[in-house]
Amino acid sequence: MKIAAILLCGALWLSAGEYYYMNGDRRVDLQEVPSAAVKHSLKGGVLYFEKRDGEQVGVVNRIIVKFASMENFEDYLQRFNLKQLKKYSFGNMYLLEAPTPKDAIDAANALYEQPDVLFAQPDLIRHWSLR
Amino acid sequence: MRAAAFIVSLSASLLLSIFVVGCGLAGGSDSDPYSCTRDYNKSNLPPLPNTTSFISNPLYYQQWSIHYDRAFYESYGISSAASINLDDSGHRFLGRSVKVAVIDDGLDVTHEDLVGAVVATYDVQTKTTNVTPRTAEDNHGTEVTGIIAARNNDKGPVGVAPAAQIYFIRMPFDSTLTESMIIDAFEKAKEWGVDVINCSWGSGDVSAPIKAAIQDVAVNGRGGKGAVVVFSAGNGGYDAIGDPIGNDESGIDEVIAVGATNIYNERTEYSNYGPQLDIMAPGGEYLGITTLDRTGTAGEESGDYVYYDSGNAFGGTSASAPIVSGVAALLIEANPNLTREDVYSAITCGADKIGGVAYDYRGHNEYYGYGKINANRSLETVR
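This structure is a prediction, so every number in the text was calculated from the model and none was measured.

The next subject is the overall build of chain A. The helix and strand tally for chain A stands at three helices and eight strands. When the helices and strands of chain A are read in sequence order from the N terminus, they spell out α-β-β-β-β-α-β-β-α-β-β. Among the 131 residues that make up chain A, the fraction classed as buried is 34%. When contacts within chain A are restricted to residue pairs at least 6 apart in sequence, those whose partners lie at least 24 apart make up 55%.

Shown next as structure tokens:
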């Protein structure tokens, strides 16, 4: 019963169009796409959305973050329930894992608000075209 | 003989410099990192190599994009100035010892015209070295790689830099491709210490993480000289009429954005445009770009090559970008001291002002960038 209520709340929240992520300092609003409309999917959980420009994006349970300083890194991992998957060779840039895709969106948006975070966004599945 | 050729080359370079400055085409003030008045470091350059002929490559005559072949040009009404002018001094430099990364959908590493070309491979999806095309449509990477580095070996066409070392990175251009895979690709290119990175693809809206990765490689790669990152500007989306480059990967400041010209030496209808556009190169319109195809029955055509007149001829800004990447490899062989900014300046400042359009005080036009790449002229400036 409790699980059903949580799922219902989640569905209502999704339909309200509250999802977004930050591309640098630009907010990108997301509208959920029913999974049945998606032709392909990765194994495991992927949340699919449509951007306002019509591009479809998938969100997995990972985020990409770059820190201005590493002072609060461990605190952030703990606070947002994140796990380090990879440190890139591009300054303090990391690939972090969240429990679920929704957690990844929430964690990325929360990290973006921190003064020592340069950018934070979900690891998106997108469409890159060969030209 | 070598000394005489060198003096001729130096004189041409000096005359060109005078012309460029005199005509007001210099690209900005002394503080401009891309200025056309820059001094290239010409100390301790390797000896000028002997001239090499490409004539014995059986499809060379079809390669209207890189050289003028009178009979071929006349039979198709191609503008005599349509090529990138890769003659004479261009054939001295072949991209020897220059590392060129190609990030694309797969590579037929067994191709007869790539024997000895491929030094390293990496697949960002499987984390293995297997970059073999996975689907029937994964032909693009072989076509792009051929334009850069098809060998000068009496087979097929010849690449712009036929002695360049290819470092191929495969990405899946399907619904499994993630931002982190693309970042992995640029990290691998940085780890390999490549000189040039060719990307004949894009999103139209680059993300902050990918932009940061590209900028890092461009600025800090190549042992601090900076890797030359080349992106195709795009083909105008679904309607194939040019679109603004906008926030595309090719629009990143540290990237060379390449548009496409046709056989009439004009911008193709589909080529994307904007203030971010840097340079034009032949991309095929009316005639395609002869290059490698996957071997046998795989690929665009039955056989090992895709021809200028094939039903599925290769073209687009995807074909233009590797031409510029190839020239960048020639420049780095000609002068290994060059920084990323040096290569950018040599390419843009040496370009032909085509299209009958006005270029601004910097020598730039939103539909033609700094003009169409001229390989010989750019090479003359850096030796």
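Still to come is the rest of the account.
Before going further, it helps to spend a moment on the packing of helix H7 (residues 340–349) of chain B against helix H8 (residues 375–382) of chain B. Residues and elements named next belong to chain B. The geometry of H7 relative to H8 is characterised by a closest axis approach of 8 Å and an angle of 135 degrees between their N-to-C directions. Taken together, H7 and H8 sit at an angle that is classed as oblique. The element H7 and its partner H8 pack so that their crossing is right-handed. Of the residues in H8, those in contact with Ala346, Ile347 and Cys349 of H7 are Ser378, Thr381 and Val382. Residues that form the contact of H7 with H8 fall into these classes: four nonpolar, two polar and no charged.

On to the nonpolar core. Residues and elements named next belong to chain B. Val100, Val230 and Val324 are the most contacted members of the largest nonpolar core, which totals 146 residues. Residue contributions to this core peak at eleven residues, all from helix H6 (residues 317–334). Beyond its immediate sequence surroundings of up to four residues, valine 230 is in contact with Val196, Ile197, Asn198, Cys199, Ile256, Val258, Ala321, Val324, Ser325 and Ala328.

Take helix H4 (residues 179–192) of chain B next. Owing to its 3.6 residues per turn, the α-helix brings residues three or four apart onto one side. Residues and elements named next belong to chain B. Over its 14 residues, H4 runs 20 Å from end to end, which matches the ideal 20 Å to within 8%, given 1.5 Å per residue. The buried fraction of H4 is high, at eleven of 14 residues. Every buried residue belonging to H4 is among Glu179, Ser180, Ile182, Ile183, Asp184, Ala185, Phe186, Glu187, Lys188, Ala189 and Lys190, and all of these are buried.

What counts, and where the lines are drawn
Residues numbered from 1 in each chain as written. Chains lettered and ligands numbered in written order. Predicted model: local features only at pLDDT ≥ 70, side-chain atom pairs only at ≥ 80, totals over all residues. Helix = DSSP H or I, 4+ residues; strand = E, 2+ residues; numbered from the N terminus. Buried ≥ 20, exposed ≤ 12 C-beta atoms within 10 Å, placed from the backbone. Contact = placed C-beta atoms within 7 Å. Axes fitted to C-alpha atoms, helices over the stretch in contact; angles between N-to-C directions. Parallel < 35°, antiparallel > 145°, perpendicular 65-115°, else oblique. Left-handed = near helix turned anticlockwise from the far one by under 90°. Nonpolar A, V, L, I, M, F, W, Y, C, P; charged D, E, K, R; others polar. Core = buried A, V, L, I, M, F, W, Y, C linked by C-beta atoms within 7 Å. Expected span 1.5 Å × (residues − 1).

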